[in-house]
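# Structural description and commentary
Residue-level listing of the chains:
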Amino acid sequence: MSTFKIGCHLSAAKGYLHMGEEALGINANTFQFFTRNPRGSKAKELIPSDVEALNVLMTENDFAPILAHAPYTLNPCSADERVREFAEIVMKDDLRILSSVTNSQYNFHPGSHVGQGIEKGIELIVSHLNQTITSETQTPVLIETMSGKGSEVGSRFEEIREIIDRVDHPEKFGVCMDSCHIFSAGYDIVNNLDGVIQEFDKVIGLERLKAIHLNDSKMPFNSKKDRHELIGKGLIGLDAIVAFINHPALRNLPFYLETPNDVEGYGEEIKLLRSHYRE
Ligand code: FE
Ligand code: FE
Ligand code: ZN
């Protein structure tokens, strides 16, 4: 059994067991999926036998927790109250559904403050989370580190720390670090990975780090642009990515590829990364 937990983003269209089988087929031992389409329309209700079959597959094959990704169009800090209400409805529904998927985590984008300012954005996100995440919530909720494009909240570690500090149930929260996003946000994982990890630890705390989105970047360092690239084909590059997956603070976390790829291409990337992971 590999200690390297790596998978990729898969389509949930054919159900949960299908994703597990697809992951096994490309030598992955976890995966990510969207809870519903980006418009945030109704999530498919789970078929209990399908989820149970996936749970068995995951146990037998020593899978890391799978990562359910909220629709990226949700904006909990929109200036429009209806948009914020919609985010609340969707997130509550996602977490209700996920409570039966035992080995899972839930990832979301903090949102864009659309000109209201970071502080107002954080205030709205915190109030959203306090309406949504209760002492009953079973699935760990991960805040994703963002690139800072437009008016995105969460591109500075301090912003994520402030959100976690202000929620009613901080014990329910973790962080998902996206390698493309932090690079374009201005954290230099190419030349100073140790420094970035130390900074994360100082500001947020490494114990909060629960998952990694592993992507190369089409856009330069500190560009505040969010364009994922294939592993080794972007401006982060293969050497830095190899150092990243082997870093002592990161190497035991689950990695999820979100590169522009089909399943076969993901399989190739997983093969490449496994060949560079020091077991
Ligand atoms: Fe994301
Ligand atoms: Fe991501
Ligand atoms: Zn992205």
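Scroll up to find the structure this text is about.
Scoring rules and cut-offs
Residues numbered from 1 in each chain as written. Chains lettered and ligands numbered in written order. Predicted model: local features only at pLDDT ≥ 70, side-chain atom pairs only at ≥ 80, totals over all residues. Heavy atoms only, no water. 1 Å grid on protein atoms, 1.4 Å probe; cavity = no way out; pocket = protein on both sides within 12 Å on 5 of 7 lines; lining within 4 Å. Points joined across faces, edges and corners; volume = space filled by probe spheres on them. Phe/Tyr/Trp six-rings, centres within 6.5 Å; stacked < 30°, edge-to-face > 60°. Helix = DSSP H or I, 4+ residues; strand = E, 2+ residues; numbered from the N terminus. Buried < 20%, exposed > 50% of the residue type's maximum accessible area, 1.4 Å probe, protein only. Donors = N, O, S within 2.8 Å, 3.2 Å for Na, K, Ca; no water. Tetrahedral: all angles 85-135°; square planar, octahedral: opposite > 155°, others 65-115°. Arc of directions from axis to C-beta. Contact = heavy atoms within 4.5 Å. Pairing = 2+ DSSP bridges. Axes fitted to C-alpha atoms, helices over the stretch in contact; angles between N-to-C directions.

### Side note on empty space enclosed by the protein
Taken as a whole and judged by the stated rule, the model has one cavity of 30 Å³ or more. Empty space within the largest cavity amounts to approximately 30 Å³. If you go around the largest cavity, the residues you meet are A70, P71, Y72, L74, P76, M91, F108 and H109.

### A look at the packing of aromatic side chains
Per the counting criterion, the structure on display carries eight aromatic pairs. Where F4 meets Y277, the ring centres are 4.0 Å apart and the plane angle is 10°; that geometry is what we call stacked. One end of the pair, F4, is in the segment before β1 (6–9); the other, Y277, is in the segment after α9 (263–276), and 273 residues separate them in sequence. As far as burial versus exposure is concerned, F4 and Y277 are alike and both buried. For the pair F31 and F33, a centre-to-centre distance of 6.0 Å together with 50° between the ring planes defines the contact as tilted. Residue F31 shares its accessibility class with F33, and that shared class is buried. A network of ring pairs unites the aromatic residues F4, F255 and Y277 as a single cluster.

### Topic: the coordination of the zinc ion (ligand 3)
For a metal with four tetrahedral donors the ideal donor-metal-donor angle is 109.5 degrees, while six octahedral donors give ideal angles of 90 or 180 degrees. Within the protein, the atoms that donate to the zinc ion (ligand 3) are H181 (NE2), D226 (OD), D226 (OD) and H228 (NE2), at distances of 2.0 to 2.7 Å. Geometry at the zinc ion (ligand 3) is irregular, judged from its four donor atoms and the angles of 50 to 137° they form at the metal. Positions of the donor residues of the zinc ion (ligand 3), expressed as sequence spacing, correspond to H-x44-D-x1-H. Separating the zinc ion (ligand 3) and the iron ion (ligand 1) is a distance of 5.4 Å. In this pair, H181 sits in helix α6 (residues 179–185) while D226 sits in the loop between β8 (216–217) and β9 (228–229), placing the two residues 45 residues apart along the sequence.

### Comments concerning helix α7 (residues 193–203)
Listing the buried residues of α7 in full gives L193, V196, I197, F200 and V203. Looking down the long axis of α7, one finds its buried residues gathered within 140° of arc, a one-sided arrangement. Those residues of α7 that are exposed and angled more than 90 degrees off the buried face are Q198 and K202. In this fold, the buried residues of α7 make contact with α5 (157–166), β6 (173–178), α6, β7 (209–214) and α8 (237–246). G205 sits one or two residues past α7 and shows a positive phi near 105°.

### Structural notes on the sheet that holds β1
Here eight strands make up a closed barrel; going around it, the order is β1-β2-β3-β4-β5-β6-β7-β10 and the pairing parallel. Averaged over all pairs of adjacent strands, the angle between their axes in this sheet comes to 30°, without regard to strand direction. Where strand β4 (residues 104–108) and strand β5 (residues 141–144) come together, three bridges link them in parallel fashion. Opposite N107, over in β5, you have L142 as the bridge partner.

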